[in-house]
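# Descriptive analysis of the structure
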Amino acid sequence: MRMSKLYLPTLKEEPAEAEIISHKLMLRAGLMRNHASGIYSYLPLGYKVIQKIEKIIRRHMDDSDAQEVLLPILQSSEIWKESKRWDRFGPLMIKFKDRKNREFCLGPTHEEVVTDLLRDEIRSYKDLPLNLYQIQTKVRDEIRPRFGVMRGREFTMKDAYSLDRDDEGLDESYQAMYNAYTNIFVDCGLETRAVEADTGAMGGKDSHEFMVLAESGEDKIAFCTNCEYAANIEKAESLVEKRTVNKEDKLEKIHTPGAATIKELEKFFDLPGEDMIKSVAYQADGEAVLALVRGDDELNEIKLANYLDVDNLEPASEEDIITHFKSSPGFIGPIGSKGVRIIADQRIENMESGITGANEKNYHYRGAKVGRDFEVETYLDLRLVREGDSCPSCSGKLEIKSGIEVGHIFKLGTKYSESMGASYLDENGRDKPVVMGSYGIGVTRLVAAAIEQNHDDYGICWPLAIAPYQIIILQLGNDDAVIDKANEIYQQLESAGLEVLVDDRKERAGVKFNDADLIGIPLRLTVGSRSLEAGVVEAKVRATGQELNFELSSVVKETTELLAKIK
RNA sequence: CGGAGCGUGGCGCAGUUUGGUAGCGCACCUGUUUUGGGAACAGGGGGUCGAAGGUUCAAAUCCUUUCGCUCCGACCA
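Residues numbered from 1 in each chain as written. Chains lettered and ligands numbered in written order. Predicted model: local features only at pLDDT ≥ 70, side-chain atom pairs only at ≥ 80, totals over all residues. Heavy atoms only, no water.

## Some details on the sheet that holds strand β5 (residues 94-97)
Ordered in space as β4-β6-β5, the three strands form an open sheet in which the pairing is antiparallel. Sheet topology places β4 (74-76) and β5 at the edges, where each strand pairs with a single neighbour. Strand-to-strand, the axes of this sheet are offset by a mean angle of 35°, without reference to chain direction. Here four bridges tie β5 to strand β6 (residues 103-106), and the two strands are oriented antiparallel to one another. Paired with Lys95 across the strands is Cys105, a residue of β6. (Pairing = 2+ DSSP bridges. Helix = DSSP H or I, 4+ residues; strand = E, 2+ residues; numbered from the N terminus. Axes fitted to C-alpha atoms, helices over the stretch in contact; angles between N-to-C directions.)

Okay, structure coming up:
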C-alpha cells in the first residue's frame, strides 16, 4: 500500500478525550475515531489489525471443530423472557419496539439466540456435540463506557457456544476451547494468564478468564508466587488461619461518641481492626441482610451475592438502616437484630469475641460472642483476598495485579437448555437437556490490550502477527534514484507475499520517521540517497531498535530472513 | 444515578473572574528556499464560541434550560 493513498490521519498532539495509553495511541496512530461515548469507527489501519486477529481466531476455532455462523443482532424479547434475562440484564440492553409494537433488543450476547436456533434442530444424541461460533458486533448500554475501546457500548466479540450430551462432553469441549484460547493469544503475540473467574450473570459453574496483565486493567487478579493458582479477585480465596483473638468474655455496652468507622474505633479502643466485627448492611431483592467480616477485612460482595442467589444486591441506604434494620448508620451490628438475615465470614467463627455496633447511635458492644450474644445463618468465605494472604492450594503468598480480560470461557451446564427447552433423546430414548458452554473473546478490546502491552514513548510496537503491515519502506527525498529504488523494493517484497507499506508521501524525513514509529510497523526499511550511495538499505526493528544494513542485491532475502526472527 | 471538570476553525488550547463584536500553536492552501528524526519565510482560507431561551445599547463572557464529552464512585460477564 502506498501511504500517499492511505487514509491515515495521525495526530501529533495528545487527544484530550483519551486517558490511557492504548486509547491515546489508537487515536493518534489513526486506527479509529470516536463517534459517540463508547462507539467508534475503525479506519483502514485499525480495521486491518482487527482482521488479522479475526483470522488467527478463525484458524484456531476451525481447528477445534467449531463452525462459524452469523447470528442476528436484532433480537426478539420473547427468548430473553424465556431465559429470565430480559429483566436481569435490564438497562444493559438497548431495548425498543418495532412499528408493530413488538419488543426487541440489540444483542448484548447470543446464548438465547443459539439455544432458540438449535432447540428445534437437535433431536438425537447423534447430533451432538456441536460448537458454533461467530464474530459479531455486540451492543451493551454500559453504565460508564471508558478507556476507548476497552469498555465500549459497541464492540466486536468472537463468541462460541458448545452443546454436549453430558458433563463429560462439556468438560472436553471446554478443555478444547481453553487450549484454543491459549494458542490464539500466543499467536497474537500476547502474554496472557488464565485465571479462575466468577460466572456472574452468565450462570454456570466453572469459568476461566484470560487476562493481559496491564496497569490500566479494570480487573484485579490474585496470583500465587509459588504455584499455578490464579483467580480473579471476585473469586479468589485464601487460607483461613486458625487463630483466636480478643478474649473478652463478658458483653459490655460502651459509649463510643463519634466513632463510627473501623478506623475511628481502632483509635478509640486502641485495638487493631482484627478485634472488631464489621457489619455491612444490604438490601437483597428487598430482604435485609447483614454481612459480618472481621474489622480488618473487606467484604467481597460477589461472594455474598452468589450465596444469596439474588438479582439485586444493594448496599442499604442510611434510611434503610434506620427503618428496616432498626439501627443507626455507623453503629449497626448483629446483636438484637430482628428480621435480618445475618451471614458471617468464616474468620468470624475463629473470633472468641469482638467489638461490634450496638444498633444505637454512639454505642458499641465489646466482648460480643457468636452463639451467646447473637446467631448467624451460616459461615462462608465472604472476604476479599489481600496481597500477602496465603494461597489456598499451596499456602504460598498471594500477589495482586491488574489485568485486562480479553477472553472468558464458561461451563453453562443446562441453565439455558432447561429454561428454553433444548433437549435431545439419548441412546435409551430418554429426553435430556443439552449441556452447554459459552466462550468469548473481546476482539476490539484485544487490540487495545495488545497496545497496552506493546508500546514505547514513540508509539505502538505491534507484534508481527497482528501488525497492520509487516514492513514499512521510508522513501526519503525526491531523487528519482531513491523513488525508483523504493518502488522496486516495494514491488519485490509484495511479490514475495509480504505486507508492505511504502511511505511515498512528499513529507520531510522527520515526519516519516515519526509516523513510522507511531503506527508501529514491526520492520522499517529506509531508502535514501545516503544509503543508496553506500549500496544498502537500512533496516530497523521497531520493537527492539535493532539496526542492520541490507545489500541492495539481496534485500528480499535478508528481509524475509529477518522477519522470520521477529515476533 | 451521585460527585467533579470540560464544550471556542480538523487537533491542542487562551480569552469568561471585570460584557465592547474572537485569538495562539499545529494542521490545511499558494509561492520561494530547504530536504536523513515532526523545516524557514511570505501570502491565504476556514469558527452562528455545543444548542435553545432570557438580561443588556451590546453576550464566548451574565442568568435559565438543555444536549454532549471526560474523570471518580455506584454499577457492570
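After that view, the rundown keeps rolling.
## Description of the packing of aromatic side chains
Tallying each qualifying case throughout the model produces eight aromatic pairs. With 6.4 Å between their ring centres and 50° between their planes, Tyr174 and Tyr439 make a pair best called tilted. Placement of Tyr174 in helix α6 (residues 167-187) and of Tyr439 in strand β24 (residues 435-442) is noted, with a sequence separation of 265 residues between them. Neither Tyr174 nor Tyr439 differs from the other in exposure class; each is buried. A ring pair is formed by Phe185 and Phe210, whose centres lie 5.6 Å apart and whose planes are at 45°; its orientation type is tilted. In this pair, Phe185 sits in helix α6 while Phe210 sits in strand β10 (residues 207-213), placing the two residues 25 residues apart along the sequence. Residue class for Phe185 comes out buried when judged on its relative accessible area of 0%. Through successive ring pairs, a cluster of aromatic residues spans Tyr178, Tyr181, Phe185 and Phe210. Geometry around Phe223 places Lys401 over its ring, the cationic atom sitting 6.0 Å from the centre. (Phe/Tyr/Trp six-rings, centres within 6.5 Å; stacked < 30°, edge-to-face > 60°. Buried < 20%, exposed > 50% of the residue type's maximum accessible area, 1.4 Å probe, protein only. Lys NZ or Arg CZ within 6 Å of the ring centre and 35° of its normal.)

## Considerations on the protein's contact with RNA strand B
Near RNA strand B you find 43 residues, and of these Thr109, Arg144, Asp517, Arg530 and Glu538 are the closest. Near the protein, within 4 Å, the atoms of RNA strand B are sugar or phosphate in 47% of cases. Glu13 is positioned such that a nitrogen or oxygen atom in its side chain is 2.7 Å from a base nitrogen of RNA strand B. Here Gly528 contributes a backbone N or O atom positioned 3.3 Å from a base oxygen of RNA strand B. If one sorts the elements of the surface near RNA strand B by residue count, helix α14 (residues 509-519) sits on top with seven residues. (Near = heavy atom within 4 Å. Polar contact = N/O pair within 3.5 Å; in protein donor to acceptor, adjacent residues only side chain to side chain.)

## Description of the nonpolar core
Counting 61 residues, the largest nonpolar core has Ile53, Tyr181 and Trp462 as the members making the most contacts within it. When we break this core down by domain, the ones giving at least three residues each are domain 1 (21-224 + 400-451) and domain 3 (469-565). The residues touching Ile53, leaving out its near neighbours within four places in the chain, are Cys188, Val443, Leu446, Val447 and Ile466. (Core = buried A, V, L, I, M, F, W, Y, C linked by side-chain atoms within 4.5 Å. Domains from an automatic or database assignment. Contact = heavy atoms within 4.5 Å.)

## Focus on unusual backbone geometry
Following Leu128, the chain continues to Pro129 via a peptide bond in cis, the omega torsion being 0°. Tracing the backbone shows Pro129 in the loop between α5 (111-119) and β7 (130-139). Positive phi values are uncommon outside glycine, yet Lys84 reaches one of about 65°. Looking at the element boundaries, Lys84 is found in the loop between α3 (77-82) and α4 (85-89). Phi is positive for Phe147, close to 55°, though the residue is something other than glycine. Looking at where Phe147 falls in the secondary structure, it is placed in the loop between β7 and β8 (154-164).

## Regarding the side chain of Arg524
Relative to the helices and strands, Arg524 is located in strand β29 (residues 523-527). Taking relative accessible area as the criterion, Arg524 reaches 13% and is therefore assigned buried. With residues up to four places along the chain from it excluded, the contact list for Arg524 reads Ile472, Leu474, Phe513, Ala516, Asp517, Glu538, Ala539 and Lys540.

## Some details on the state of the cysteines
Following the criterion strictly, the structure yields zero disulfides and no others. Free of any disulfide, Cys188 has its nearest cysteine sulfur in Cys461, 17 Å distant. Residue Cys188 is classed as buried on the basis of its relative accessible area of 1%. Its sulfur unpaired, Cys224 is 3.5 Å from the next cysteine sulfur, which belongs to Cys394. Exposure remark for Cys224: the relative accessible area of 5% places this residue in the buried category. (Disulfide = S-S within 2.5 Å.)

## Topic: the pattern of salt bridges
With the rule as written, the count across this model stands at 42 salt bridges. Among the ionic pairs, Glu111 bridges to Arg85, the shortest N-O distance being 3.0 Å. With a gap of 26 residues between them, Glu111 in helix α5 and Arg85 in helix α4 connect regions that are remote in the sequence. Take Glu111 and Arg85: they sit in the same class, and that class is buried. (Salt bridge = Lys/Arg side-chain N within 4 Å of Asp/Glu carboxyl O.)

## A look at the packing of helix α2 (residues 44-63) against helix α12 (residues 443-453)
With their axes 10 Å apart at the nearest point, α2 and α12 run at an angle of 110° to one another. For the element pair α2 / α12, the angle class is roughly perpendicular. Remark: the crossing between α2 and α12 carries right-handed chirality. In this structure, α2 contributes Val49, Ile50, Ile53, Glu54 and Ile57 to the contact, and α12 contributes Val443, Thr444, Leu446 and Val447. For the contact of α2 with α12, the class distribution of residues is seven nonpolar, one polar and one charged. (Parallel < 35°, antiparallel > 145°, perpendicular 65-115°, else oblique. Left-handed = near helix turned anticlockwise from the far one by under 90°. Nonpolar A, V, L, I, M, F, W, Y, C, P; charged D, E, K, R; others polar.)

## A short note on the environment of Leu271
If you trace the backbone, Leu271 turns up in the loop between α7 (262-269) and β14 (277-284). The exposure class assigned to Leu271 is partly exposed, which follows from its relative accessible area of 26%. Along the backbone, Leu271 and Ile471 are 200 residues apart, and their C-alpha atoms lie at a distance of 64 Å. Every residue in contact with Leu271, bar those within four places of it in the chain, is listed here: Glu266, Met276 and Ile355.

## Thoughts on α12
Summarising burial for α12: 10 of the 11 residues are buried, a large majority. Listed as buried for α12 are Val443, Thr444, Arg445, Leu446, Val447, Ala448, Ala449, Ala450, Ile451 and Glu452.

## Brief notes about the pairing of strand β15 (residues 287-294)
Among the eight residues in β15, seven count as buried, and that is most of the element. Direction of pairing for β14 relative to β15: antiparallel, over a ladder of eight bridges. Bridge pairing in β15 links Ser279 to Leu292.

## Description of the sheet that holds β15
The five strands lie next to each other as β16-β14-β15-β17-β20, forming an open sheet whose pairing is mixed. The two strands at the open ends of the sheet, each matched to only one other strand, are β16 (313-315) and β20 (378-380). Between one strand and the next, the sheet's axes are offset by a mean angle of 35°, whatever the strand orientation.

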